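Observations on the three-dimensional arrangement
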4 protein chains.
Amino acid sequence: MEKVTEKQLEKWVDHIRIYANNGKVADYIPALKRQNPEINAASFFHLDGECVQAGEADYFFTIQSVSKVLALAVALMNHGEDAVFSRVGKEPTSDPFYSISKLEVEKPSKPINPMINAGALAVTNMMSGKTTDDMLHEILDFVHLLTGDETIDYDKEVAQSEYNSAFLNRSLCYFMKQNGIITGSVEELHDVYTKQCAIQMNVKQLAKVAGIFANEGKDIETGEQLIPHHYARICNTFMGTCGMYNQSGSFAINVGIPAKSGVSGVIMGVVNDVGGVAVFGPALDKQGNSVIGVKLLEIMSRYYQWSIF
Amino acid sequence: MEKVTEKQLEKWVDHIRIYANNGKVADYIPALKRQNPEINAASFFHLDGECVQAGEADYFFTIQSVSKVLALAVALMNHGEDAVFSRVGKEPTSDPFYSISKLEVEKPSKPINPMINAGALAVTNMMSGKTTDDMLHEILDFVHLLTGDETIDYDKEVAQSEYNSAFLNRSLCYFMKQNGIITGSVEELHDVYTKQCAIQMNVKQLAKVAGIFANEGKDIETGEQLIPHHYARICNTFMGTCGMYNQSGSFAINVGIPAKSGVSGVIMGVVNDVGGVAVFGPALDKQGNSVIGVKLLEIMSRYYQWSIF
Amino acid sequence: MEKVTEKQLEKWVDHIRIYANNGKVADYIPALKRQNPEINAASFFHLDGECVQAGEADYFFTIQSVSKVLALAVALMNHGEDAVFSRVGKEPTSDPFYSISKLEVEKPSKPINPMINAGALAVTNMMSGKTTDDMLHEILDFVHLLTGDETIDYDKEVAQSEYNSAFLNRSLCYFMKQNGIITGSVEELHDVYTKQCAIQMNVKQLAKVAGIFANEGKDIETGEQLIPHHYARICNTFMGTCGMYNQSGSFAINVGIPAKSGVSGVIMGVVNDVGGVAVFGPALDKQGNSVIGVKLLEIMSRYYQWSIF
Amino acid sequence: MEKVTEKQLEKWVDHIRIYANNGKVADYIPALKRQNPEINAASFFHLDGECVQAGEADYFFTIQSVSKVLALAVALMNHGEDAVFSRVGKEPTSDPFYSISKLEVEKPSKPINPMINAGALAVTNMMSGKTTDDMLHEILDFVHLLTGDETIDYDKEVAQSEYNSAFLNRSLCYFMKQNGIITGSVEELHDVYTKQCAIQMNVKQLAKVAGIFANEGKDIETGEQLIPHHYARICNTFMGTCGMYNQSGSFAINVGIPAKSGVSGVIMGVVNDVGGVAVFGPALDKQGNSVIGVKLLEIMSRYYQWSIF
């Protein structure tokens, strides 16, 4: 495959700039609403270690739902497949990520997969630690390990804003607590979850993370197995079947790589054996995916023949 | 109509005693689980002021969902029909009282009626007052007014037990808070709600309350209009179409009087222009209604031709 | 109670004429679409035998869903309560009359009540006879018995039009056939059902039918028990809890008498021990109820204090 | 990658034989119920033209839901992407393949994807032709083209058996006809659909078909583009996200290749750029997938590192 070059990436990022007009910055988390819809950035991390970027590649955004993949990896590494999938299912769904009704209809009541909010909350509930800080640090430490950057932290203002306003997630938590899927304090779980969603990265750091998932879980420089291959593959599979909210099927057809989206406007994509990609642009389509992110990945996937299907 | 006599009532209560074996004491509220399934009691309050009773008529139970009717009356009196029904619907439903999925499916998201938990919580959210104590006292004061007994209070232990364990009600609350149906603190609302459910009465006091609903809202002795007739009728109508959980339709066929059930094992029934009835027996059927309560009301309704249909 | 007089009825019918503008003639059955929205008619049949009317009281309309009550009475008389309620439930529902999803969600799969389409089709499936003509005649003969008028027949054009277009009812039928709730040919059942819906009456005839339900099932002139009292009461109960589509709860509050509505624009109402009422006006509200019908019954119920609640 | 050899395939097929005990032959289509649960067969078609097999590789089975992929390819080729996806969605779902409730809940009412029955029926409705024979031949001709074998036909007895008994599919059809998703005669559509499901192949023929999907839609011998690459990829994508009923997510994790299952006990799998695989064994798991088929593909995928994730 032809290598992704910085020049090519810059050309495309410039070309898709205009699509931001087709979307809308997320407004349900007050602190996200203030994001400038015109910012955009992209980065590709090659498995040979080269990293190219375009746009505002140093801009820090909160990773939001991308953190669901990271928490899942941590839970799998700490507790194993059986424990994780006794609490959360494996099937994709056409329901929106915030939906609660399946929890009531299905017997036993178990979130359908770890990429919808209910499932992600159940996964975060598996973090260990006496305090919410300890629990959060299980995820943050993992992020530090993958990126090699210990300065990465969460955005206190965004976390607080989401903590104050995310009543639906609390509703999901209490429903699951009633049914024994989660245990302990809902407020504490919610605290960890909003902080994990508010972890701040730039596209370069996130492209590196994606690169590790594309590299069978191994560190790109040292080759060290940071995530067991089987668990990296499980994460990739969930990104492939349900990583793009209820547009996952359409994205699989049009792009065809495992990817995870966050409502800040970020998308992380995995090109197995080739590299990791991260795009940022806060204007979202109706399903909650970055408009320019989806567009850029469509162009790149077609050009480089990335589709796994 | 032949008058309900104490002798007749005692005979029936004795006769139905054995049906308690067909039911099970509620176990989802820990403090209720300890209730003796063999206790039973019944009382009929005639509109001429005579009150007859049978069984352990001085036994105090918590009124649980019967409080939904009382809170509805208070909300109607304080805020009027338009305000109340902008937050809660009027239609009966075959869904169980704790169900959440209709809140998600229906647009706008509004509880179907004030007799299911979601609707009752939305009604309690309309109580006024700076503190939860003030809010609770709107309901307690109304109970004191109807019964003429200011000693009536709530059972602290049952309230606390339900407060600690009712995660599903919190889930309903947060879902409604997200959708703007309820406002303010969920924990405070939940506190008021569990206390209102834990209000303690005996069958004699409750039969008197039912009698006032049967008397067009007027005090039985003084004739004073304690509840405007139109609001008393609205309450009766909800009891008639959805007062007996998802057995309301079957109860309407077999008994045919407005009635409201509570999971402590109580049923309050309204016989318009005749009197009010209250039955207690903690063994419940699958829908959550007192087994001996339903049985006794079937016998009495058939004997005295009470059915409104 | 003051008697309903023709003069009073005429005054009200004239007064509500203008409300027809708030509704829309049903258009999902092509042959109904042609109905003149300005026609209206009302009749009250007193239990002393006097019948008063207003508007175009000789105009023949198809009774549509009102036939659900008549078929239910026939099924109860031929097969008894146990057989009927093994196939159809007793609970009211807030779902629309044409809904299918509860049939899939509920286990066992059984229509919620006989007033929604699924339930009504299951009831019509209980009609006996070798041919569809025989089955239809079970219902027609019953109509002749109640009205004393053997000329009553069905409107072939409306029946054919509905037969040709009612795909949703076929969908319900096949779903129930798969689940063993109905047996035999779906097309034949659908044929009987569309003909039963197309039975033609005028308000005078229908008011008489309603009068019999108000008279404990007894013929108004002879006192003969045409419908066992218990079965007449079951029919009244379903009319009271779910006769007005998913506006039944609101109608119970505002009017408070057992009533059944049809999408041709007819409403039949039962005032126990007083008389039967029938109103016709083809402009419908969103729930499928005659706008002027609901309005007239609200006025009359308030004036004569008809509410059973 | 090491090549799949006949010896290795035979060893595995022998090894997994015993797993058939964990499943049950489909019984909802009477003619399928008679299948011998002990039969099994597998075939792998390499893109170099070599075909290896094991077990009863000449045994003819009906392809059932595998035909959904073939009909989708035909519809895409005849009508294009826009026309097809105006009638059917692209999202995976955790609902069972026969489910109807989403058709009612979603607005607009459109089957979620072409792999569930509702979606597949909508696709078959796009076959052209004056008669049902013409419509069926669009699919059969396509099968002849892919396999190079014009003797392939459908099993009349299985088709008739399914035609007689598949009331649920008729229910889905009528529901979609009411909503304008399908047009024309439901019985004719149902006739074509049951015949398409009853197309008979053996594992060798089906492995060749899978091979073409693995070969970018090109004939393996001649390189002729039998299916445009983009459409072959769309089909692969649906197999990858929703080809294994509501076990698709779990299969994606454990096997990770695009695959389509049929209730006769067949699974067709696509290994891009490597070859096509077909397995048969009529004992099914709860989701309707061949027990030994899933087991064999798990073993092969792990051994040959087939997972695309």
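Calculation notes
- Residues numbered from 1 in each chain as written.
- Chains lettered and ligands numbered in written order.
- Predicted model: local features only at pLDDT ≥ 70, side-chain atom pairs only at ≥ 80, totals over all residues.
- Heavy atoms only, no water.
- Least-squares fit on C-alpha atoms with pLDDT ≥ 70 in both.
- Contact = heavy atoms within 4.5 Å.
- Helix = DSSP H or I, 4+ residues; strand = E, 2+ residues; numbered from the N terminus.
- Expected span 1.5 Å × (residues − 1).
- Bend = angle between axes of the 7 residues up to and from the residue.
- Buried < 20%, exposed > 50% of the residue type's maximum accessible area, 1.4 Å probe, protein only.
- Pairing = 2+ DSSP bridges.
- Axes fitted to C-alpha atoms, helices over the stretch in contact; angles between N-to-C directions.
- Salt bridge = Lys/Arg side-chain N within 4 Å of Asp/Glu carboxyl O.
- Phe/Tyr/Trp six-rings, centres within 6.5 Å; stacked < 30°, edge-to-face > 60°.
- Lys NZ or Arg CZ within 6 Å of the ring centre and 35° of its normal.
- UniProt positions renumbered as here; feature names shortened; annotations may be inferred.
- Polar contact = N/O pair within 3.5 Å; in protein donor to acceptor, adjacent residues only side chain to side chain.
- Buried area = accessible area lost by both parts, 1.4 Å probe.
- Disulfide = S-S within 2.5 Å.

Comments concerning the relation of the copies chain C and chain D
- Structural alignment of chain C on chain D gives an RMSD of 0.0 Å, achieved by rotating through 180° and translating 0.0 Å along the axis. Both chain copies can therefore be described as sitting about a two-fold axis.
- Residue by residue, 100% of the interface of chain C is reproduced at the interface of chain D, so both copies engage with the same surface.

A word on helix H3 (residues 66-85) of chain C
Residues and elements named next belong to chain C.
- Spanning 20 residues, H3 covers only 19 Å between terminal C-alpha atoms, well under the ideal 28 Å at 1.5 Å per step.
- If you look at H3, its biggest bend is around 115°, right at His 79.
- Here H3 lies mainly inside the structure; 14 of its 20 residues are buried.

Remarks on the sheet that holds strand E7 (residues 266-271) of chain B
All names here are of chain B.
- If you trace the five strands from one edge of the open sheet to the other, you get E3-E2-E8-E7-E6, paired in antiparallel fashion. Taken across any chain shown, the strands that pair with only one partner, and hence form the sheet edges, are strand E3 (51-55) and strand E6 (259-262). In this sheet, neighbouring strand axes are inclined to one another by 10° on average, regardless of whether the strands run parallel or antiparallel.
- As paired elements, strand E2 (residues 41-46) and E3 share five bridges and run antiparallel to each other. Counterpart to Ala 42 in the pairing with E3 is Ala 54.
- Packing of helix H1 (residues 6-16) onto the sheet brings it into contact with E2 and E3, and relative to E3 it is tilted by some 25°.

Comments concerning the pattern of salt bridges
- Counting across every chain of the model gives 48 salt bridges over all chains.
- A salt bridge links Lys 102 of chain C to Asp 95 of chain B, with the shortest nitrogen-to-oxygen separation between them at 2.9 Å. Here the residue Lys 102 of chain C occupies a position in helix H4 (residues 101-105), and Asp 95 of chain B occupies one in the loop between helix H3 (66-85) and helix H4 (101-105), the pair thus bridging two chains. The two residues Lys 102 of chain C and Asp 95 of chain B agree in class, both being buried.
- Overlapping salt bridges, with partners in common, bring together Asp 95 and Lys 102 of chain A together with Asp 95 and Lys 102 of chain D in one network.

Some words on the packing of aromatic side chains
- Tallied over the full model, the rule gives 46 aromatic pairs over all chains.
- Taking the centre distance of 5.5 Å and the plane angle of 20° together, the rings of Phe 44 of chain A and Trp 306 of chain A count as stacked. Pair noted here: Phe 44 of chain A is in strand E2 (residues 41-46) and Trp 306 of chain A is in the segment after helix H13 (291-304), with a separation of 262 residues, a long-range link. Side by side, Phe 44 of chain A and Trp 306 of chain A carry an identical accessibility label, which is buried.
- Ring plane angle 90° and centroid distance 5.7 Å describe the contact between Trp 12 of chain B and Tyr 304 of chain B, whose orientation is recorded as edge-to-face. Of this pair, Trp 12 of chain B sits in helix H1 while Tyr 304 of chain B sits in helix H13 (residues 291-304), and the two are 292 residues apart along the sequence. For the pair Trp 12 of chain B and Tyr 304 of chain B, a shared accessibility class is recorded, and that class is buried.
- An aromatic cluster is defined as three or more aromatic residues linked by ring pairs; in this entry it consists of Trp 12, Phe 44, Tyr 303, Tyr 304 and Trp 306 of chain A.
- One Lys or Arg, Arg 170 of chain B, reaches over the ring of Tyr 163 of chain B and ends 4.8 Å from the middle of that ring.

Observations regarding the UniProt feature "binding site: substrate" (unreviewed entry) in chain A
Residues and elements named next belong to chain A.
- The UniProt entry lists Ser 65, Asn 117, Glu 162, Asn 169, Tyr 193, Tyr 245 and Val 263 under the feature "binding site: substrate" (unreviewed entry), expressed in the numbering used here.
- Looking at the element boundaries, Ser 65 is found in the loop between strand E4 (61-62) and helix H3 (66-85).
- According to the relative accessible area criterion, Ser 65 is buried, its value standing at 7%.
- Excluding its chain neighbours within four sequence positions, the residues that come into contact with Ser 65 are Tyr 245, Lys 260, Ser 261 and Gly 262.
- Of note, Val 263 is situated in the loop between strand E6 (259-262) and strand E7 (266-271).
- We classify Val 263 as buried; its relative accessible area is 4%.
- With residues near it in sequence (within four places) discarded, Val 263 still touches Ala 26, Tyr 28, Ile 29, Leu 32, Gln 64, Tyr 245, Leu 284 and Gly 288.

Notes on helix H9 (residues 186-197) of chain D
Residue and element names in this part refer to chain D.
- The terminal C-alpha atoms of H9, which comprises 12 residues, lie 16 Å apart, in line with the 16 Å expected from a rise of 1.5 Å per residue.
- Among the 12 residues that make up H9, 10 are buried, leaving the element largely enclosed by the rest of the structure.
- Close packing links the buried residues of H9 with strand E4 (61-62), helix H3 (66-85), helix H5 (117-124), helix H6 (132-147), helix H7 (156-165) and helix H8 (167-178).
- Its side-chain oxygen placed 3.3 Å from the backbone nitrogen of Glu 187, Ser 185 serves as the N-cap of H9.

So, the interface of chain C and chain D
- The interface of chain C with chain D comprises 16 residues on the first partner and 16 residues on the second.
- Across the chain C to chain D interface the summed buried area is about 1,500 Å²; carbon plus sulfur atoms make up 65%.
- Contact with chain D buries surface across chain C, with Phe 167, Tyr 174 and Gln 178 of chain C losing the most and accounting together for 38% of the total.
- Here chain C is connected to chain D by 11 residue pairs in polar contact (both at pLDDT 80 or more).
- For the side of chain C that touches chain D, the elements supplying multiple residues, two or more each, are H4 and helix H8 (167-178) of chain C.
- Broken down by element, the residue count for the side of chain C that touches chain D peaks at eight residues, all from H8 of chain C.

Description of the pairing of strand E2 (residues 41-46) of chain D
All names here are of chain D.
- By the criterion of burial, E2 is predominantly enclosed, with six of the six residues buried.
- Taking the residues between adjacent antiparallel strands as the criterion, E2 and strand E3 (residues 51-55) are bridged by four residues, where Gly 49 takes a positive phi near 100°.
- As paired strands, E2 and strand E8 (residues 275-280) are joined by six bridges and run antiparallel to one another. Pairing of Ala 42 across the sheet is with Val 279, part of E8.

A short note on the relation of the copies chain C and chain B
- Rotating chain C by 180° and translating it 0.0 Å along the rotation axis places it on chain B, where the RMSD comes to 0.0 Å.
- Most of the interface of chain C is mirrored in chain B: 100% of its interface residues are interface residues there too.

Overview of the side chain of Asn 289 of chain D
All names here are of chain D.
- Structurally, Asn 289 is set in the loop between strand E9 (283-284) and helix H13 (291-304).
- According to the relative accessible area criterion, Asn 289 is buried, its value standing at 0%.
- Separated by 2.6 Å, the side chains of Asn 289 and Gln 247 make a polar contact.
- Sequence-distant contacts of Asn 289, that is, excluding residues within four places in its chain, are made with Met 244, Tyr 245, Gln 247, Ser 261, Ala 283, Leu 284 and Val 294.

A closer look at the state of the cysteines
- Within the structure shown, the criterion is met by zero disulfides over all chains.
- Cys 173 of chain A supplies the cysteine sulfur nearest to Cys 197 of chain A, a cysteine that is in no disulfide, at a spacing of 11 Å.
- Looking at Cys 197 of chain A, the relative accessible area reads 2%, which means it is buried.
- Cys 242 of chain D takes part in no disulfide bond, and the closest cysteine sulfur, belonging to Cys 235 of chain D, lies 11 Å away.
- For Cys 242 of chain D, a relative accessible area of 7% translates into the label buried.

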